[in-house]
Amino acid sequence: MSALGAQLEVQVTGMRLEAEGVISLELQAPDRSPLPEWSPGAHIDLLLPSGLVRQYSLCGDPLERSRLRIGVLLDVKGRGGSREVHQGLRVGQMLAIRGPRNAFPLETGQRYLFVAGGIGITPILTMAREAQRVGAEWQLLYGGRSRRSMAFIDELLALGGERVSILPADETGLLDLEDIAARAATGVHTYSCGPAPLLDALTERFAVDGLAGRLHLERFAPAAPAASAASGDGLRVILARSGKEVEVPHDCSIMHALRAAGCEVPSSCEQGVCGMCETRVLDGEVDHRDMLLTDSERARNNLMMVCVSRARTPTLTLDL
């Protein structure tokens, strides 16, 4: 499959209640042929019958090529995707997916600390399984509102036993950030996925302790963008291939302005998470607000996600 995600037809061959408000879906090719390879931390785009497209982390076993598994939390205040999965999908139904793609890879190492919050356990489960498979030293801290809302507990305990700490907030309180940072200070790399308050707190704690390089995160949505000189102003985008100039109002994304001007840009999440709208930058300084590019990639200033990122200069020239 291409980076932009050629579509693949799959069939829903299993649906299971994993916890209060969480179901898992098993997806297989209609002819049960092998599905694309993937690695821990990868996700797929799920193309729902309504036309909605949502990203879900894979939580099965990468070595089991015959099926993919995702976990979906019902978000009653969300944009409708999880409601459609929970209430509209049925076993036997045909769907399309794109991917897998991996923006949260597990780097080769010998010591890992995994920290999951709620449905953030989905990519972390595959990482713990991989760490166990290669014989690495690892521990997992799994927090949630309550034990009944936390998916895959039995599977995790069967995998890791005492390596896995189940820490429901109504029993143990919030995760101990100082303890997590102290473990990282010993050289352990920390991988975490979960709600924004947890990831924001970890980011702040690790920054204070000078451990930012040992923290690896995946967010459900982009962090709040930092203020910049241009963030409250409009800007002008120059399309290098056509010479066309597009004015982007202060309250409009670059992507929406491009589309209004007749320039189609592929997209999926439109939150800076999936990477489908990645666009080459030829001139100007980008105000990066995505959750995909690394610090070194941002420093090169030659790529941007036009769905969320803006400019620190009055103009940007894009390879469009």
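Structure shown above.
Values in this document were obtained by computation on a predicted structure and should not be read as measured data.

## Some remarks on empty space enclosed by the protein
- The final tally for this structure, using the stated rule, is two cavities of 30 Å³ or more.
- The space that makes up the largest cavity amounts to roughly 60 Å³.
- Contributing to the lining of the largest cavity are Ala 103, Phe 104, Leu 217, Glu 218, Arg 219, Val 273, Met 291 and Leu 292.
- Residues belonging to the lining of the largest cavity are distributed by class as follows: six nonpolar, no polar and two charged.
- There is about 30 Å³ of room inside the second largest cavity.
- If you go around the second largest cavity, the residues you meet are Ser 267, Ser 268, Cys 269, Glu 270, Gly 272, Val 273, Cys 274, Gly 275, Cys 277, Met 305 and Cys 307.
- Among the residues forming the lining of the second largest cavity, the class breakdown is six nonpolar, four polar and one charged.

## Points about the sheet that holds strand S14 (residues 278-283)
- As summarised here, the arrangement of the five strands in space is S13-S12-S18-S14-S16, forming an open sheet in which the pairing is mixed. Strands at the two margins of the open sheet, each flanked by one partner only, are strand S13 (245-248) and strand S16 (303-305). Ignoring strand direction, the axes of neighbouring strands in this sheet form an average angle of 40 degrees.
- In this sheet, strand S18 (residues 315-318) lies alongside S14 in antiparallel orientation, the contact comprising two bridges. Each residue of the ladder has a partner; that of Asp 283, found in S18, is Thr 317.

## Looking at the nonpolar core
- Among the nonpolar cores identified, the biggest contains 28 residues, and Phe 114, Ile 124, Leu 140 and Tyr 142 are the most heavily contacted of them.
- No other element matches the six residues that helix H2 (residues 121-134) contributes to this core.
- Judged by nonpolar contacts, the second largest core, of 25 residues, contains Leu 239, Val 248, Cys 263 and Val 281.

## With respect to the sheet that holds strand S1 (residues 7-19)
- Pairing within the open sheet is antiparallel, and its six strands lie in the order S4-S3-S6-S1-S2-S5. In this open sheet, the two strands that pair with only one neighbour each are strand S4 (53-57) and strand S5 (68-73). Neighbour to neighbour, the strand axes of the sheet diverge by 40 degrees on average, direction disregarded.
- Across seven bridges, the pairing between S1 and strand S2 (residues 22-28) is antiparallel. Its bridge partner being in S2, Gly 14 is matched across the sheet by Glu 26.
- Sheet strands touched by helix H1 (residues 81-88): S1, S2, strand S3 (43-47), S4 and S5. Its angle to S5, the strand with the most contacts, is close to 110 degrees.

## A look at the side chain of Ser 146
- Here Ser 146 shows up in the loop between strand S8 (137-144) and helix H3 (153-160).
- Once you skip the residues sitting within four places of it in the chain, Ser 146 turns out to touch Pro 168 and Asp 170.

## A word on the packing of aromatic side chains
- One pass over the full model with this rule turns up five aromatic pairs.
- Measuring from centroid to centroid gives 6.0 Å for Tyr 112 and Tyr 191, while their planes differ by 65 degrees, and the two rings are edge-to-face. In this pair, Tyr 112 is assigned in strand S7 (residues 111-117) and Tyr 191 in strand S10 (residues 189-194), connecting sequence segments 79 residues apart. The pair Tyr 112 / Tyr 191 is uniform in exposure class, with both members buried.
- Pairing Phe 114 with Trp 138 gives two aromatic rings, centres 6.3 Å apart and planes at 50 degrees, and the pair type is tilted.

## Some points on the packing of helix H5 (residues 177-185) against helix H6 (residues 196-208)
- Orientation of H5 relative to H6, taken along the N-to-C sense of each, is 50 degrees, at an axis distance of 10 Å. Compared by their axis directions, H5 and H6 come out oblique. In this structure, H5 crosses over H6, and the sense of that crossing is right-handed. Along its contact with H5, which presents Leu 177, Glu 178, Ile 180, Ala 181 and Ala 184, the element H6 presents Leu 198, Ala 201, Leu 202, Arg 205 and Phe 206.
- Per-class residue counts for the contact of H5 with H6 are eight nonpolar, no polar and two charged.

Calculation rules
The residue numbering used here restarts from 1 in each chain and proceeds along that chain's sequence as written. pLDDT decides what is reported in this predicted model: residues at 70 or higher carry local features, side-chain atom pairs at 80 or more are listed and counted, and totals for whole chains, interfaces and linings draw on all residues regardless. Calculation of side-chain values draws on the structure's entire complement of heavy atoms; hydrogens and water are dropped beforehand. A cavity, in this analysis, means grid points on a 1 Å lattice covering only the protein atoms where a 1.4 Å probe fits yet has no way out; a pocket is instead an open set bounded by protein on both sides within 12 Å along at least five of seven lines, and a residue lines either one if it has an atom within 4 Å of a point. Grid points are joined across faces, edges and corners, and a volume is the space filled by probe spheres set on the points. Amino acids are sorted into nonpolar (Ala, Val, Leu, Ile, Met, Phe, Trp, Tyr, Cys and Pro), charged (Asp, Glu, Lys and Arg) and polar (every other residue, Gly among them). Note on pairing: two strands pair once DSSP finds at least 2 bridges between them. Comment: elements are numbered from the N terminus, with helices defined as DSSP H or I runs of at least four residues and strands as E runs of at least two. Here the axes come from fitting lines to C-alpha atoms, over the contacting stretch only for helices, and the angles between their N-to-C directions go from 0 to 180 degrees. In plain words, nonpolar cores are sets of buried Ala, Val, Leu, Ile, Met, Phe, Trp, Tyr and Cys residues tied together by side-chain atoms within 4.5 Å. Type-normalised accessible area, obtained with a 1.4 Å probe on protein chains alone, sets the label of each residue: buried when under 20%, exposed when over 50%, and partly exposed for intermediate values. Contact between two residues is taken to exist if any of their heavy atoms lie within 4.5 Å; hydrogens are not considered. Two rings belonging to Phe, Tyr or Trp (six-membered ring only in the last case) form a pair when the distance between their centres is within 6.5 Å. Interplanar angles under 30 degrees mark stacking, angles over 60 mark edge-to-face geometry, and anything in between is tilted. Oblique is the label for any angle not covered by the other classes, which are roughly parallel (under 35 degrees), roughly antiparallel (over 145) and roughly perpendicular (65 to 115). Crossings are sorted by hand: turned counterclockwise from the far helix by less than a right angle, the near helix makes the crossing left-handed, and turned clockwise it makes it right-handed.

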